[in-house]
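# Reading the structure
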Amino acid sequence: MKRISIDTLVKIVKNGGTVRTGIDVFNDRGLLVIEKDVLINRVQTLLLVKRSGVTDVPVILGKEGGIWDASGRPMHIEEDEKGKKTFTARPLRSDVGRRIAEISELKLKAREVHGRACDRLKQVMHEIKEHNGEFDTNLTEKVVDDIFDFVSHHDNAFSFLAREIISYDDYLYNHSINVCAIATAILKKFNETFSDAINEHLATRPEAILSAGSASSFIEYLPDDLRQLSLGYFLHDVGKTMIPDEILNKKGRLTPEEFDVVKGHSYIKGREILVANKLDNFYAIKIACYHHAALYDGEDRCYPDDRSPLEIPVYVKICKLADIYDAMTSKRCYKDAMNPTGVVTNIFRSYADRDHLLQFLLHAFVKVVGIYPPGSVIYLANGQMAYILDSDGPLVIPFTDSDGEQLKVMPDPLDLSDLRPGKDEMAVDRRRPLLTPIEIQKKLPKYIREYQK
Ligand SMILES: [Fe+2]
Ligand SMILES: [Fe+2]
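Here's a quick rundown of the structure. (Residues numbered from 1 in each chain as written. Chains lettered and ligands numbered in written order. Predicted model: local features only at pLDDT ≥ 70, side-chain atom pairs only at ≥ 80, totals over all residues. Heavy atoms only, no water.)

## Some details on helix α7 (residues 223-234)
Taking 1.5 Å of rise per residue, the 12 residues of α7 would be expected to cover 16 Å, and the 17 Å separating its terminal C-alpha atoms lies within 8% of that figure. Looking at α7, one finds that the buried residues are L226, L229, S230, L231, G232, Y233 and F234. (Helix = DSSP H or I, 4+ residues; strand = E, 2+ residues; numbered from the N terminus. Expected span 1.5 Å × (residues − 1). Buried < 20%, exposed > 50% of the residue type's maximum accessible area, 1.4 Å probe, protein only.)

Right, here's the structure in full:
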């Protein structure tokens, strides 16, 4: 909280700025002169407050209150050596360049991990087709360890793994890597944050145990288990190698017979391949068999249906969420990619309030994927394009005007969570998909590109 003189606030409001104190302000006689939620945009209001004997007012800078300039950017206070306060819109952070360089370095690392995983997966798929389902499981484990380590050591790392589909034939490789990275990140979040919360929840609400099914669903997974699970996520669709391409890539709706063949990729072909390779991984078989099973009673188009949703383990449910998320946010030959945040909201809405356990799972899911990946480019509702510097906020650098013309000079970063209430034209346009990495490189201005490695 800062105390700001009324005269200074008058100057700001005179120039088109606005203020919300975020705290009730009283004068010496105990009279309420400013209500905490009121957005002050008239000089007259401030002059009346001054006339009631108040010379400076407290302002909570943050969620509750704030000071914004005429274009809605949060202003922040700097005190010079003599203690004189000056106001500037959020200044260009000196570490912007460093941050852009960091993001691009992480992207390069992700590309390496992704490239290795992709090559390996192509080889595995090829081996399976050529050798009647057999493949080198040790080498595959090494690749998955690579993805696992990358996701474990960097925040939001999965979002850096390439979402660029070079050719549509590569879809299955990209999808397997993405599901592996996303599901691993969700599982780790669930493991670290939610298993305690769930156990507490169960202790206070015994009736939830019934709905949650087997108590073994809530065990905390040990590092070795997590790696095994990661491998399971990587191989979740391995059965698709045995499904004819004409059916997998069909543009129109599948006939009931074709859908039956596709279903077989999980509980028939997937299981067969993993068993034939003697993969000593209990989790992988469960994941392959049940990653399309219902998450709640009565869910449509799910298979197989020989298990109640209560019997499907948490880690398999996580695979299903990651699978839906990746399928919806990826571009295919028959559909465009959807905006990830819009997809997260849709998934959350479809599954919220279905059962107790699912709630915790959805929260872990939203925490992990409900963010704008740093380095991605989004559209604001007013048509401006912006580069994501930090998922928190998100903190962005808008780099075009609303007609798509590139701005000549790099503007200050803008924290979208700090915008003045009602500044909706600066909010993220969730209907538009994120740009692909190649599109991003084409659009980014030189003043951002020059920091990239
Ligand atoms: Fe699948
Ligand atoms: Fe899948």
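## Observations regarding the coordination of the iron ion (ligand 2)
At the metal site, the iron ion (ligand 2) is ligated by H175 (NE2), H236 (NE2), D237 (OD) and D323 (OD), and these contacts range over 1.9 to 2.3 Å. Of note, the donors binding the iron ion (ligand 2) are all from one chain and are spaced H-x60-H-D-x85-D. Taken as a pair, the iron ion (ligand 2) and the iron ion (ligand 1) lie 3.5 Å from each other and share D237 as a ligand. A residue pair is termed long-range when its members are at least 10 positions apart, and H236 in the loop between α7 and α8 (245-248) and D323 in helix α11 (residues 314-329) qualify at 87 residues. Overall, the relative accessible area of 9% leaves D323 in the buried class. (Donors = N, O, S within 2.8 Å, 3.2 Å for Na, K, Ca; no water.)

## Quick look at the packing of aromatic side chains
Aromatic ring pairs are reported here in terms of the distance separating the ring centres and the angle at which the planes meet. One pass over the structure, following the stated rule, counts 7 aromatic pairs. Measuring from centroid to centroid gives 5.8 Å for F259 and Y303, while their planes differ by 90°, and the two rings are edge-to-face. Here Y303 lies in the loop between α10 (282-290) and α11 and F259 lies in helix α9 (residues 256-276), a separation of 44 residues in the sequence. Residue F259 shares its accessibility class with Y303, and that shared class is buried. (Phe/Tyr/Trp six-rings, centres within 6.5 Å; stacked < 30°, edge-to-face > 60°.)

## Let's talk about the nonpolar core
In this structure, I147, Y233, F234, Y315 and I318 are the most contacted members of the largest nonpolar core, which totals 72 residues. Residue contributions to this core peak at 12 residues, all from helix α5 (residues 171-204). Contacts of Y233, omitting those with residues within four sequence positions, involve S176, V179, C180, A183, T184, L187, I287, Y315, I318 and C319. (Core = buried A, V, L, I, M, F, W, Y, C linked by side-chain atoms within 4.5 Å. Contact = heavy atoms within 4.5 Å.)

Nothing here speaks to function; it is geometry throughout.
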